[in-house]
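# A structural walkthrough
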Amino acid sequence: MNAEDTENKDTLVTALYNHTPREILGGRGWSFEFYAAPFKNVLNLGLPIRIYTHKKMLSPLENFMSKHASSKYDILEYDLTDFKYSEKIINLRKQSGKFNGETLKEEVSDLHNDRNYHLCLSKIFWLNKTCHANPFKSKKFFWIDAGLFHHGIFPEKYGGRERFSKQENNSSLY
């Protein structure tokens, strides 16, 4: 049995954001192209998916989904500063002394701000919100990281895909 044969398919929930380490929100600064090939394998699970994103990623994500989605999906634009604990997180970051206003100080390495805590802490809220909304009439809901299937976690012989590789355009690899 595969996902296509299952009634009341489980719903996946994920997010794609591109914030840089220089921004107070933090992040790795990876564009959509970084996620494309691994994200294709998330879509290959054949499950409905809700995707949270922001304006910077919206257009490339919509284009990708129109080409590669095989199941129902919806994309919700969500500004991470709307997270209920945003102000507290930002205040703690500012208190660290590593920022000039909203920007990481020049002398501070990007490695000190390559995590986006707004995103990390929002996952459970987004999953809960999706459960209550139940947009695809599912019985179960799962968080899945959009970049999970990169070849650093899963070898290519088990479905991992190299990031930035344009492999999503070669269907024989999937």
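Okay, so let's go over this structure. (Residues numbered from 1 in each chain as written. Predicted model: local features only at pLDDT ≥ 70, side-chain atom pairs only at ≥ 80, totals over all residues. Heavy atoms only, no water.)

When you go through the chain residue by residue, the secondary structure sums to 4 helices and 6 strands. For the chain, the succession of helices and strands along the chain, N to C, is β-α-β-α-β-α-β-β-α-β. Counting only residues that meet the buried cut, the chain has 44% of its 174 residues in that class. (Helix = DSSP H or I, 4+ residues; strand = E, 2+ residues; numbered from the N terminus. Buried < 20%, exposed > 50% of the residue type's maximum accessible area, 1.4 Å probe, protein only.)

This part takes up the packing of aromatic side chains. The final tally for this structure, using the stated rule, is 13 aromatic pairs. Ring geometry for Trp30 against Phe34: centres 3.8 Å apart, planes inclined by 20 degrees, an arrangement best described as stacked. Pairing Trp126 with Trp143 gives two aromatic rings, centres 6.1 Å apart and planes at 20 degrees, and the pair type is stacked. Of this pair, Trp126 sits in helix H4 (residues 117-133) while Trp143 is found in strand S6 (residues 141-143), placing the two residues 17 residues apart along the sequence. Put simply, the rings of Tyr17, Tyr52, Tyr78, Trp126 and Trp143 pair up and form one aromatic cluster. (Phe/Tyr/Trp six-rings, centres within 6.5 Å; stacked < 30°, edge-to-face > 60°.)

Quick look at the pairing of strand S2 (residues 49-53) now. S2 sits mainly inside the fold: 5 of its 5 residues count as buried. Where strand S1 (residues 11-16) and S2 come together, 5 bridges link them in parallel fashion. Residue pairing in the sheet places Val13 in a bridge with Arg50 of S2. The handedness of the S1 to S2 crossover, carried by helix H1 (residues 32-43), is right-handed. In this fold, S2 hands off to helix H2 (residues 55-68), which returns the chain to strand S3 (residues 73-77); that crossover is right-handed. (Pairing = 2+ DSSP bridges. Right-handed = clockwise from strand over helix to strand, strands pointing away.)

For Asp74, the position within the fold is in strand S3. Engagement of the side chain of Asp74 in a polar contact is seen with the side chain of Arg50, the distance being 2.9 Å. Residues contacting Asp74, with those up to four places away along its chain left out, are Ile49, Arg50, Ile51, Pro135 and Phe136. (Polar contact = N/O pair within 3.5 Å; in protein donor to acceptor, adjacent residues only side chain to side chain. Contact = heavy atoms within 4.5 Å.)

In this section: the pattern of salt bridges. Within the structure shown, the criterion is met by 4 salt bridges. One salt bridge in this structure joins Asp74 and Arg50, with 2.9 Å as the shortest N-O distance. Of this pair, Asp74 sits in strand S3 while Arg50 sits in strand S2, placing them 24 residues apart in sequence. The pair Asp74 / Arg50 is uniform in exposure class, with both members buried. One salt bridge connects Glu102 with Lys94, and the closest N-O pair in it is separated by 3.0 Å. (Salt bridge = Lys/Arg side-chain N within 4 Å of Asp/Glu carboxyl O.)

We now examine the sheet that holds S6. Ordered in space as S3-S2-S1-S6, the 4 strands form an open sheet in which the pairing is parallel. On the outer flanks of this sheet lie S3 and S6, each paired with one strand and no other. Between one strand and the next, the sheet's axes are offset by a mean angle of 20 degrees, whatever the strand orientation. With 5 bridges connecting them, S2 and S3 associate as parallel partners. Note that in S3 the partner of Thr53 across the bridge is Glu77. Against the sheet, H1 engages S1 and S2, with an angle of about 175 degrees to S1. Of the strands in this sheet, S1, S2 and S6 touch H4, which is tilted by about 165 degrees from S6. (Axes fitted to C-alpha atoms, helices over the stretch in contact; angles between N-to-C directions.)

Turning our attention to a nonpolar patch on the surface. Taken together, Tyr85, Ile124 and Phe125 make up a surface patch of nonpolar side chains, about 280 Å² in accessible area. According to the relative accessible area criterion, Phe125 is partly exposed, its value standing at 35%. (Patch = residues over 30% accessible without salt bridge, like charges linked within 9 Å, V, L, I, M, F, W, Y side chains within 5 Å. Areas by Shrake-Rupley, 256 points an atom, 1.4 Å probe, with all protein chains shown as cover.)

Of all the 6 residues making up S1, 6 are buried; the element is thus mostly covered by neighbouring parts of the structure. The pairing of S1 with S6 spans 3 bridges and is classified as parallel. Directly across from Leu12, in S6, lies its bridge partner Phe142.

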